[in-house]
Amino acid sequence: MTDRTAPAAHPIAAPLAARWSPRSYEERAVPDAALAQVLEAARWAASCVNDQPWNYIVARKEKEAEGYAKIFSCLSANNQGWAGRAPVLIIGVARQNFAHNGNPNRHAAYDLGQATANLAAEAATLGLQAHQMAGFDAAKAREAFAIPAGFDPLVAITLGYPGPASALPEALAARETAPRARRPIAEFTHLGAWGAAGSPA
Ligand SMILES: Cc1cc2nc3c(=O)[nH]c(=O)nc-3n(C[C@H](O)[C@H](O)[C@H](O)COP(=O)(O)O)c2cc1C
């Protein structure tokens, strides 16, 4: 299996360092208990007024074969080039209005993202990896799953055990093994004032 541990400049929690977005997956299924565990991690994300606007359409390749095929059919051609190796496909959907008063929730997408970040980090603790994708047809997903108005399909996700890069076509294999890079802390941290770029340590 490809080692993609983040070359972090400061020590970070093990699941955060271990998480990455593979395109090669082993064929073996994700145990149901592990799938429940990653959804449980999503469940415990923070959200605006604890509204928990996240929803996930989850399809296991064998157990929800029809749903799996539907999600796959919504993916962009690029993502279809590798995502079919994953044993689980997911679509993340945000409820756009607060449950308690029906007002628009400006943070619904933010909260779905937080839940999905939890899901991905928990997956990494189990040796699984999730790969989030913007490259899917949200209108097609809405139609395929009869997602009602007021719910926004925002992300597709693969989940499974990462496989060898060598199983991928050459161009994808190169991306799978390319060095992982991030902007430095000082480039996105503004200490006390906008534009006052800096790292606290
Ligand atoms: C919202 C979102 C959308 C993404 N869309 C795609 C996508 O459509 N196809 C793809 O191959 N990767 C996609 N990615 C994966 C990113 O390219 C990846 O997270 C980034 O390159 C950092 O790599 P890492 O996750 O391995 O650290 C997406 C990630 C996020 C969070």
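For the protein, the name recorded in an unreviewed UniProt entry is Nitroreductase, with Neoroseomonas oryzicola as its organism. Of the comments in the UniProt record for the protein, the one headed Sequence similarities (unreviewed entry) reads "Belongs to the nitroreductase family."

Undergrad: Which residues make up the packing of aromatic side chains, and what values do they have?
TA: For the structure shown, the criterion picks out zero aromatic pairs. Its guanidinium or amino end placed over the ring of Tyr161, Arg28 lies 3.7 Å from that ring's centre, counting from NZ or CZ.

Undergrad: Can you break down the sheet that holds strand S3 (residues 129-133) residue by residue, with the values?
TA: Pairing is antiparallel across the open sheet formed by four strands, whose spatial order is S1-S2-S4-S3. Strand pairing shows two members of the sheet lacking a second neighbour, strand S1 (54-60) and S3, which therefore form its edges. Between one strand and the next, the sheet's axes are offset by a mean angle of 25 degrees, whatever the strand orientation. Across seven bridges, S1 lies against strand S2 (residues 88-95) in antiparallel orientation. By the bridge assignment for S2, Arg60 is matched with Val88. Each of S1, S2 and strand S4 (151-160) is contacted by helix H2 (residues 32-43), which is oriented at about 170 degrees to S1, the strand it contacts most.

Undergrad: Go over the site of the ligand, please, and point to the residues and values.
TA: Within the structure, the ligand sits among 13 residues, and Ser21, His131, Ala134, Arg180 and Arg182 are positioned closest to it. In the environment of the ligand, an oxygen atom lies 2.9 Å from a nitrogen or oxygen atom belonging to the backbone of Gly135. Here the ligand has 620 Å² of accessible area as a free molecule, and 61% of this is covered by the chains. Breaking the shell around the ligand down by element, the ones donating at least two residues are helix H4 (77-83) and S3. Residue contributions to the shell around the ligand peak at three residues, all from S3. Of the residues assigned to the shell around the ligand, the class counts are four nonpolar, five polar and four charged.

Undergrad: Summarise the side chain of Asn79; cite the residues concerned and give the values.
TA: Mapped onto the fold, Asn79 is located in helix H4. At 3.0 Å, the side chain of Asn79 and the backbone oxygen of Gly135 are in polar contact.

Reading guide: rules and limits
Residues numbered from 1 in each chain as written. Predicted model: local features only at pLDDT ≥ 70, side-chain atom pairs only at ≥ 80, totals over all residues. Heavy atoms only, no water. UniProt positions renumbered as here; feature names shortened; annotations may be inferred. Phe/Tyr/Trp six-rings, centres within 6.5 Å; stacked < 30°, edge-to-face > 60°. Lys NZ or Arg CZ within 6 Å of the ring centre and 35° of its normal. Pairing = 2+ DSSP bridges. Helix = DSSP H or I, 4+ residues; strand = E, 2+ residues; numbered from the N terminus. Axes fitted to C-alpha atoms, helices over the stretch in contact; angles between N-to-C directions. Contact = heavy atoms within 4.5 Å. Near = heavy atom within 4 Å. Polar contact = N/O pair within 3.5 Å; in protein donor to acceptor, adjacent residues only side chain to side chain. Areas by Shrake-Rupley, 256 points an atom, 1.4 Å probe, with all protein chains shown as cover. Nonpolar A, V, L, I, M, F, W, Y, C, P; charged D, E, K, R; others polar.

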